[in-house]
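# Breakdown of the fold
The lines below spell out each chain.
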Amino acid sequence: MTRYAFAPGGLPPQTARMDERAVFTAAYAFLPASTMRDITTSALPFWEATRAWVIARPMSGFAETFSHYLMEVAPGGGSDRPDTDLAAQGVIFVSDGAVALEIDGTSHHLEAGGYAYLPAGQHWSLRATGEGPAKFHWIRKRYQAVDGIAHPEPFVTSDDAVAPVAMPDTEGRWATTRFVAPDDLRHDMHVNIVTLQPGGVIPFPETHVMEHGLYVLQGKAAYKLNRDWVEVEGGDFMWLRAFCPQACYASGPGAFRYLLYKDVNRHAALF
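Quick summary incoming for the structure in this document. (Residues numbered from 1 in each chain as written. Predicted model: local features only at pLDDT ≥ 70, side-chain atom pairs only at ≥ 80, totals over all residues. Heavy atoms only, no water.)

Looking now at the overall build of the chain. From N to C terminus, the chain includes 0 helices and 21 strands. Since a compact globule built from 271 residues should have a radius of gyration of about 18 Å, the 18 Å found for the chain is in line with a globular shape. Over its C-alpha atoms, taken along the principal directions, the chain stretches across nearly 55 × 45 × 40 Å. When the 271 residues of the chain are sorted by exposure, 48% land in the buried category. Expressed as a percentage of contacts within the chain between residues at least 6 apart in sequence, the contacts between residues at least 24 apart total 72%. Taken together, the 22 basic and 30 acidic charged side chains of the chain have centroids lying 5 Å from each other. (Helix = DSSP H or I, 4+ residues; strand = E, 2+ residues; numbered from the N terminus. Rg over C-alpha atoms; globule rule 2.2 N^0.38 Å. Buried < 20%, exposed > 50% of the residue type's maximum accessible area, 1.4 Å probe, protein only. Contact = heavy atoms within 4.5 Å. Lys, Arg positive; Asp, Glu negative; His and termini not counted. Charge placed at Lys NZ, Arg CZ, Asp CG, Glu CD.)

Written out as structure tokens, the structure is:
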């Protein structure tokens, strides 16, 4: 089974050398795993025995479309009223442990690699069911409805159940696990997994309107963010505003994989 990196929690000892990799710029933010400690967690309304690292949230003048939580739920903990914003859709991706996710009265068992899409207004609940804490990503975006296009439906799948699709002319070195078809216009966000094999590259500076959240699930790479090359590894998070150039070189001995958020399939709002 693939091991997925997650927030380390705890607190470094007083003798630890300060990690100086964290940075917030006008174009991107980089939060290394070392910043995700006990004192940076939050509690959430109606969640029991739960703590959350809020690693992205809408910020005027930066990235404005999504929030990204790292959730840690003790055994038996969870929520029967998880989201108080009925306009928010969400994706859950499990990194460790097990959860019972109930959607419209149907219970789904998710373990590491489990993935669920939860439409705006959907009633759902979640409980940690394993012997240890359940650890999962919860990515939220306010849904942009379009007259004449149906709303998406909930679904549950897993990393193992969806075959990665190789990018053209890459000989499989760069592939994307797509949980939603790119041309399904019901969806206005994608949360995929990108995999680059050792030596694989994103060989040009991607520069586009989509905002990004990239959480490194495993491996190591050199990632270009705007004008900077940053060394990244499992547990690190990159947050890119629209049009921030990006590229990548997978530098580790194993596959480099990250969970990727982007907003898609809608007209640009005109103010």
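What follows covers the environment of Gly235. Within the secondary structure layout, Gly235 lies in the loop between strand 18 (228-233) and strand 19 (237-240). For Gly235, a relative accessible area of 0% translates into the label buried. Considering only alpha carbons, one finds Gly235 and Leu31, 204 residues apart in sequence, at a separation of 9.0 Å. Discounting residues that sit within four places of it in the chain, Gly235 has contacts with Ala5, Leu31, Pro32, Ala33, Met36, Tyr215 and Val216.

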